[in-house]
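If you want the building blocks of each chain, they are given just below.
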Protein chains: 2
Amino acid sequence: MVTLKDIAEKAGVSSMTVSRVMNGKTGTVSQQTSERIKKIAQEMGYVPNSSARALASRSSRLIAALLQEYDEERNPLEDSYTSCFLGELALQIKKEGYDLMLHYVKDYSEITYSLKSWNVAGAVFIGMFDESIRKLQEDNHIPLIFTDSYSSVRSITNVGIDDYRGGELAAEYFLKNGHRNVAFYGPEALDNGVVMHRLRGFVSVLRKAGISLPQENFINLGVKDLGGELVRLCSGENPVTGIFTTADNCAYQVYSEAYRKGLRIPGDLSVIGFDDLSMSELVTPPLTTVRQDIKKKALVTCELLMKNINTADRPAENIVLNVSLSERKSVQKL
Amino acid sequence: MVTLKDIAEKAGVSSMTVSRVMNGKTGTVSQQTSERIKKIAQEMGYVPNSSARALASRSSRLIAALLQEYDEERNPLEDSYTSCFLGELALQIKKEGYDLMLHYVKDYSEITYSLKSWNVAGAVFIGMFDESIRKLQEDNHIPLIFTDSYSSVRSITNVGIDDYRGGELAAEYFLKNGHRNVAFYGPEALDNGVVMHRLRGFVSVLRKAGISLPQENFINLGVKDLGGELVRLCSGENPVTGIFTTADNCAYQVYSEAYRKGLRIPGDLSVIGFDDLSMSELVTPPLTTVRQDIKKKALVTCELLMKNINTADRPAENIVLNVSLSERKSVQKL
DNA sequence: TTGTAAGCGTTATCAA
DNA sequence: TTGATAACGCTTACAA
C-alpha cells in the first residue's frame, strides 16, 4: 500500500505537503513541487485511504441509502420503483464524488448504528420511515433526506411527489372517458401516507362528480383471489368499468389476473396505474398511468443532500414534484 | 460520539478491556467485567467506529458490489435482472454482518481505486468485466467474485449459470412444439460470452434436428424498427413461428412490438425468454422462459465470498448453476 | 485476566 | 510555502 509518507520520502518533502497536493489545496504549495508530487503519486499508484481520512477529519465522503427491509424473504430491490430510484441516485451521487452504501433496515436501532459507524456524510431514506423520523433526527446530526414521507414531523427534509394530484388525474381521466363506477386496488391506506393521498385525490374528484366509492370497490393488496375479485367487480347489474391502482406493479397484477379470468383490458375493465415504470410502455395494452419523474426525483434528492452537507443549518425543505398522466391504451372510452 | 475510552473510564478499566468485550473475545475477560461493560456500552449508546477499525486492523467488514456503468444516461438498476441480483446479494451480505458498497464503474482504474480506498474485504462483479480481470487480480489481493464471466483467464472465481444448456432447452421446446423456423433476438453475441453461449446452445440443438438459423433470422438488440423486423419474419412463404430472446427484457420488447403490429403471441409468433424475472409470470400471455435461480445465485456468490475471505489461498472455483424451463403460455403447439 | 505502548494513514493546528 | 506534532478511535503485540 502506498501512503503519503512513501510519496513524501521519494519527493523529499513532508507528508503534509503531499497531503495538501492530493487534496488540491492549490495556492498553498508551489507549482513546481505540486507537479512533481502529483507525478510521483501517479507513478506509485497512490490511492488515498478513506478510512484514515474519515478518522482524521471526522467525516467521510460517504452517503447511505436506507431501504426498508420488510422480511428476509422479500427482496426490496425487486420493486422496480425502488431499484430505479436507487439506480438514479447512485448515478448522481457518484457524479458528486461520493460513495454509496446500501443498507437494509428492519428496525430503528440499525439505522443509527450504520450511520454512525461509518461516519457517513448524509443519508437518503427510501420507503416508509415515518415513525422513526423524530428519533433519527435527534440521534444523527447529519443531513437526512426522506422521500415520499407524510410524517407529521414538520422540520423534515423530504422529496416527494404530488400524490393527491395523481389520484385526481386518474379520476378525472376516468370521468372524461365516461366511467362512473370505478374501483381502487392497493394496500391498506390507513398507515401509508402515499397510498392514502393518492386515494384521497381520486375519491375527491369522484365525489365532486357525485360518485361515491363503495366499500366493496376497494380491493386490498393482500387479497387471496384478486382474479375472483375482479370478476365480481365486473359483473352484476352495475359493473365496475375502471380500476385505479396505487402503483404500476399492482396494475401488472391486475393485467395478469384479468387475463386468467378472460377479462379484456380495456374492453371489460379499464386500468390506470401509478409511477410510469419503463415496463408500463411494454405491457399489453400499454398502461395509462400517473407519471412521476423518478430520475428527477433522484436528482433533486441528491442536490438537496449536497446543499445540506455543504452548508450548515439549512432550513427544512419539503420538495413536491409534479405528476402527469401518461395516456396510453388501458382505458376505454365509454 | 462515544468511544472505547469513554466506556473504559466509566467502567474503571482500560480501553483494551472494553475493546475485547466489544469484539466478543470471550474467555479473555472475566464474566463480571464483561457484563458490566456491555451494560455501560449499551447505556451510553456506543457504536464502534468502522473507519478506525479498518485503519487499525487493515481490513474492513465491507463488500463492494461493482456494476458496469455503460453511459451516464443509462441506469444500470433499471435492468430487473441486475437489481434483483443485487437485492438478494445485499440481503445475504447483511446476514453475514458485512456492509455493502455500491459502485458504478466505467473503466478499470475506477475499480481498483474504490476497492483500495475503502480497504474492502471482498468484491462482487455484476456484469461484463472480462477484459480487466487479469489486471484486477494482480492489483487487488482480496477475494474477487465474478458473475456470468466467460473470461479466458482460468484462475477466476466465478458464479454463473449453464447458459448453453438454457439455449438448448429453448430450442428443444420449440422443436417439441413443432416449430421448424425460428429466430433469435439479442445483442451482438460476439463480444458477450453469456449471449454467445445461449445462442450456441440454441443453434446446436436446431442443427442436430437439421435446422439452420439463417442470418436474416437474427435480430440485433439495437435495431431501429423491431416491430418491422418481426413483421418481416412472420410473413413471406416460410414464416418464422418462434423467437428466442436472450433475456426476458428482450421478450417484453417483442411482446410490445408484436402488439403494436397486430401480431398475436403465441398465435402468430411464439416467444421464449431467458431469466424468469417476476414480471414474466404477469405479462400477457405469461412468458415461457428459461429460468435461472437468481436468489440462489446470490446466495452462492455470498457463500463463496465469505469462504474466500475467511480462508486464505483457496483455489479458484467456477460454479455453474442449473437452468430449467418455466413453461407458460407464450409458445404455441403447432 | 488486564494493561501498556505503538502504530494504522490521514488531517488540523500551529510554528517557521 | 513548508514542516513538526498531535490527534482521530481502534487493534496488535507484548508485558504484567
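Data block above holds the structure.
In what follows, the accompanying structure is described. (Residues numbered from 1 in each chain as written. Chains lettered and ligands numbered in written order. Predicted model: local features only at pLDDT ≥ 70, side-chain atom pairs only at ≥ 80, totals over all residues. Heavy atoms only, no water.)

1. Some words on the interface of chain A and chain B
Just so we agree on the cut-off: Whether two residues are in contact is decided by their heavy atoms: any pair within 4.5 Å suffices. Buried area, as used here, totals the accessible surface that two parts lose on assembly, with accessibility defined by a 1.4 Å probe and the loss added over both. Only one rule defines a salt bridge in this text: a Lys or Arg side-chain nitrogen within 4 Å of an Asp or Glu carboxyl oxygen. Definition of a polar contact: a pair of N or O atoms within 3.5 Å, with one able to donate and the other able to accept a hydrogen when the atoms are protein atoms, and with sequence-neighbouring residues admitted only if both atoms are side-chain atoms. Only DSSP runs of H or I with at least four residues qualify as helices, and only runs of E with at least two residues qualify as strands; both kinds are numbered from the N terminus onward. For this classification, Asp, Glu, Lys and Arg are treated as charged, while Ala, Val, Leu, Ile, Met, Phe, Trp, Tyr, Cys and Pro are nonpolar and the rest, including Gly, are polar. Paired strands, in this sense, are two strands between which DSSP finds at least two bridges.
Tallying the contact residues gives 57 residues for chain A and 57 residues for chain B. In total, chain A and chain B occlude about 4900 Å² of area from one another, counting both sides; carbon and sulfur atoms represent 61% of this. Counting the contacts that link chain A with chain B gives 6 salt bridges. When the shortest N-O distance is used, the salt bridge between E69(A) and K94(B) registers 2.7 Å. Run the count over chain A and chain B and you get 22 residue pairs in polar contact (both at pLDDT 80 or more). Top element by residues in the side of chain A that touches chain B is helix α5 (residues 80-95) of chain A. It accounts for 9 residues. Residue classes in the side of chain A that touches chain B are distributed as 28 nonpolar, 14 polar and 15 charged. Examined bridge by bridge, strand β2 (residues 99-105) of chain A and strand β2 (residues 99-105) of chain B share 3 bridges and lie antiparallel to one another. What sits directly across from L100(A), in β2(B), is L102(B).

2. Some thoughts on the pattern of salt bridges
The test is simple: Any residue under 20% of the maximum accessible area for its type is buried, any over 50% is exposed, and the rest in between are partly exposed; the area is computed with a 1.4 Å probe on protein chains only.
Scanning all chains against the criterion turns up 28 salt bridges over all chains. Residue K94(B) is joined to E110(A) by a salt bridge in which the shortest nitrogen-to-oxygen separation is 3.1 Å. Residue K94(B) is located in helix α5 (residues 80-95), and its partner E110(A) is located in helix α6 (residues 108-117); the two belong to separate chains. The exposure class assigned to K94(B) is partly exposed, which follows from its relative accessible area of 27%. For R74(B), the salt bridge identified is with D71(B), shortest N-O distance 3.7 Å. Its relative accessible area of 45% is what places R74(B) among the partly exposed residues. Classification of D71(B) as partly exposed rests on a relative accessible area of 32%. When salt bridges that share partners are traced, they join E69(A), E110(A) and K94(B) into one network.

3. Here we look at the sheet that holds β2(A)
Stated precisely, the cut-off is as follows: To get an axis, fit a line to the C-alpha atoms, keeping to the stretch in contact for a helix; angles then go from 0 to 180 degrees between the N-to-C directions.
With respect to topology, 12 strands assemble into an open sheet ordered β11(A)-β5(A)-β4(A)-β3(A)-β1(A)-β2(A)-β2(B)-β1(B)-β3(B)-β4(B)-β5(B)-β11(B), the strand pairing being mixed. Here the strands that pair on one side only, and so sit at the sheet edges, are β11 (318-321) of chain A together with β11 (318-321) of chain B. Across the sheet, the mean angle from the axis of one strand to that of its neighbour is 20°, orientation sign disregarded. Bridge count for strand β1 (residues 62-68) of chain A against β2(A) is 7 bridges, and the pairing is parallel.

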